[in-house]
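Tertiary structure, described
If you want the building blocks of each chain, they are given just below.
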Amino acid sequence: MVTNTSGKKKTAVARATVRDGEGRVRINSQPVELVEPELSKLKMLEPFRIADDELRDTVDIDVTVSGGGFAGQADAVRTAIARGLVQHHNDAELRDAFMEFDRSLLVNDVRQSEPKKWGGPGARARYQKSYR
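In the nomenclature of an unreviewed UniProt entry, the chain is known as Small ribosomal subunit protein uS9 of Haloplanus ruber. Regarding the chain, the relevant UniProt record gives this comment under Sequence similarities (unreviewed entry): "Belongs to the universal ribosomal protein uS9 family."

Before going further, it helps to examine the pairing of strand β5 (residues 59-66). As paired strands, strand β2 (residues 12-20) and β5 are joined by eight bridges and run antiparallel to one another. Bridging from a neighbouring strand, alanine 16 pairs with valine 63 of β5. As paired strands, strand β3 (residues 25-27) and β5 are joined by three bridges and run parallel to one another. By the bridge assignment, arginine 26 is partnered in β5 with aspartate 62.

On the basis of which strands lie adjacent, the open sheet formed by five strands has the order β1-β2-β5-β3-β4 and mixed pairing. Strands at the two margins of the open sheet, each flanked by one partner only, are β1 (2-9) and β4 (30-31). Where β3 meets β4, two bridges bridge the pair, whose relative direction is antiparallel. When the bridges of β4 are listed, isoleucine 27 appears paired with glutamine 30. Packing against the sheet, helix α4 (residues 70-89) makes contact with β1, β2, β3 and β5, and its axis sits at approximately 150 degrees to β1.

Thresholds applied
Residues numbered from 1 in each chain as written. Predicted model: local features only at pLDDT ≥ 70, side-chain atom pairs only at ≥ 80, totals over all residues. Heavy atoms only, no water. UniProt positions renumbered as here; feature names shortened; annotations may be inferred. Pairing = 2+ DSSP bridges. Helix = DSSP H or I, 4+ residues; strand = E, 2+ residues; numbered from the N terminus. Contact = heavy atoms within 4.5 Å. Axes fitted to C-alpha atoms, helices over the stretch in contact; angles between N-to-C directions.

Here is the structure:
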């Protein structure tokens, strides 16, 4: 059985394919063990720490991720993997465990950065006013 899921965070989009296998996790065709920085790798593997590592040995996961920076991509991958595991195993207990740990494992974070406007250097900040 093959399950396709996706996860989003800021402008990063991750698409995960979960299939029966022997525990291979690949991010953009690269083993997850080679992902840098270390914090991103730990963030991406969080769903397995909650589920148990025995669950990891039964599936192969291929993730393609694009857009955003390394932190946003790590969160998007984490969501895609967690959703994929829940759908693939069709397990309500697993879903509840993920929800209890952190809702963003199964639900996309919809917050986006506000667009810059005229009259200032950013979305809200204004240029300094001079009286002389």
